[in-house]
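# Summary of structural features
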Amino acid sequence: MTTLRDLGISVRFIIVLCSAQHSEQHSEQPETRQVKGIVGTFFSFPERVLTSGNLLYGDLGNIAHVYPGKQSNTNLEKRYKNHLHWNNVTGFFTLSDLQIDDSGVYTVENGDAEEKMRHTFQLTVYYVLSKPQVTVHENISCSVVCSVENGREVTLSWYKGGEILNQTSSPDHITLSLPLKVDEQNRDSYRCEAANPVSKGTAVVPHSCIESDPSKVTDGDVRTLIAVICVLLASGLVGLAIYLTLRCIRSRAGI
């Protein structure tokens, strides 16, 4: 038979369990979503604030506020003046003319519902990469160097067809360079690729890096040489024929 004491223990156990679950739900941190931006463009945080809410940034705290009645103040911080906007139709906060130092953690607080919702974003801003440059380092061996201006999360790679031959990257803001000795017979199969999370560029081996070693003779060189020799022989034979004909004529004429 269940006693009052047993019932009391069961009730306390249920209360403790429910309290633990409630505390766990409130202690969960909002998931941080990774988002990317490009220097010089704009970025809109993909969470709407239609009635009331805020946009927070890192240690600065609140940088924009939306009031009931579709009113907003996006100039709470001087650095965001004319740079941060709120659209009262779409409800999106937007950063215009992005710069590298706009990277960081932003939180959209939405007070439209009874319970305030928080959405956190890790924004990383990147430059669009310039095209890598390939220069001939040594003509005789057809050694080349590919280089590109470095930036955030940039990698520089050499490919032969679909196979990656070599790759480099550096956290330092220096020019990235990657050398390669090219197999001249397959020169057109090589490419250099510079890439970051928002862009990439490619370059190929220059045409100046083709059989620069005078000690090497290609099939094309042989064909050209044979053609020249044939022309010279033909010219010589024609000249000899003319000479013999004239000599024969003079001999018959008694000259």
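Computed from a predicted structure; not experimentally measured.

### Digging into the packing of aromatic side chains
Summed over all chains, the structure comprises 5 aromatic pairs. For the pair Phe43 and Phe45, a centre-to-centre distance of 5.1 Å together with 90 degrees between the ring planes defines the contact as edge-to-face. A relative accessible area of 12% places Phe43 in the buried class. Between Phe45 and Phe121, the ring centres sit 5.7 Å apart and the planes meet at 55 degrees, which makes this aromatic pair tilted. Pair noted here: Phe45 is in the loop between strand S2 (43-44) and strand S3 (53-57) and Phe121 is in strand S9 (residues 117-126), with a separation of 76 residues, a long-range link. Judged by relative accessible area, which is 0%, Phe45 ranks as buried. Since its relative accessible area comes to 0%, Phe121 is described here as buried. Here the aromatic cluster, defined as three or more aromatic residues joined through ring pairs, consists of Phe43, Phe45, Tyr57, Tyr80, Tyr106 and Phe121. Above the plane of the ring of Tyr159 lies Arg191, whose end atom (NZ or CZ) is 4.3 Å from the centre.

### Topic: the layout of surface pockets
Unfilled space is identified by rolling a water-sized probe across the atoms. What the second largest pocket holds in volume is close to 260 Å³. Taken together, 14 residues make up the lining of the second largest pocket; nearest its centre are Tyr127, Glu149, Asn150, Gly151 and Arg152. Split by residue class, the lining of the second largest pocket holds 7 nonpolar, 5 polar and 2 charged.

### Details of the sheet that holds S2
What the 3 strands build is an open sheet, ordered S2-S7-S6; its pairing is antiparallel. Strand pairing shows two members of the sheet lacking a second neighbour, S2 and strand S6 (84-86), which therefore form its edges. Relative to strand S7 (residues 93-95), S6 runs antiparallel, the two being bridged by 3 bridges. The residue bridging His85 from the neighbouring strand is Thr94, located in S7.

### Digging into the pattern of salt bridges
Throughout the structure, instances matching the rule amount to 4 salt bridges. Note that Glu47 is salt-bridged to Arg33, the shortest N-O span being 3.0 Å. Taken together, the residues Glu47 in the loop between S2 and S3 and Arg33 in strand S1 (residues 32-38) connect sequence positions 14 residues apart. The partly exposed category is assigned to Arg33, whose relative accessible area is 33%. Between Arg79 and Asp102 there is a salt bridge whose closest N-O contact spans 3.6 Å. One end of the pair, Arg79, is in the loop between strand S5 (71-73) and S6; the other, Asp102, is in the loop between S7 and strand S8 (104-110), and 23 residues separate them in sequence. You can call Asp102 buried: its relative accessible area is 2%.

### Observations concerning the state of the cysteines
Overall, the coordinates contain 1 disulfide when judged by the stated rule. In this model, Cys146 is linked to Cys192 through a disulfide, with the two sulfur atoms separated by 1.9 Å. Judged by the torsion about the S-S bond (-85 degrees), the Cys146/Cys192 disulfide is left-handed. Linking Cys146 in strand S11 (residues 143-148) with Cys192 in strand S15 (residues 190-196), this pair joins segments that are 46 residues apart in sequence.

### So, the nonpolar core
Among the nonpolar cores identified, the biggest contains 20 residues, and Phe45, Leu55, Leu84, Phe93, Leu95, Tyr106 and Leu123 are the most heavily contacted of them. Here Leu84 is in contact with Leu55, Ile63, Ala64, Thr74, Phe93, Thr94 and Leu95, once residues within four sequence places are set aside. Counting 19 residues, the second-largest nonpolar core is a separate cluster that includes Val134, Trp158, Ala194 and Ala203.

Cut-offs applied
Residues numbered from 1 in each chain as written. Predicted model: local features only at pLDDT ≥ 70, side-chain atom pairs only at ≥ 80, totals over all residues. Heavy atoms only, no water. Phe/Tyr/Trp six-rings, centres within 6.5 Å; stacked < 30°, edge-to-face > 60°. Buried < 20%, exposed > 50% of the residue type's maximum accessible area, 1.4 Å probe, protein only. Helix = DSSP H or I, 4+ residues; strand = E, 2+ residues; numbered from the N terminus. Lys NZ or Arg CZ within 6 Å of the ring centre and 35° of its normal. 1 Å grid on protein atoms, 1.4 Å probe; cavity = no way out; pocket = protein on both sides within 12 Å on 5 of 7 lines; lining within 4 Å. Points joined across faces, edges and corners; volume = space filled by probe spheres on them. Nonpolar A, V, L, I, M, F, W, Y, C, P; charged D, E, K, R; others polar. Pairing = 2+ DSSP bridges. Salt bridge = Lys/Arg side-chain N within 4 Å of Asp/Glu carboxyl O. Disulfide = S-S within 2.5 Å. Core = buried A, V, L, I, M, F, W, Y, C linked by side-chain atoms within 4.5 Å. Contact = heavy atoms within 4.5 Å.

Structural measurements only, silent on function.
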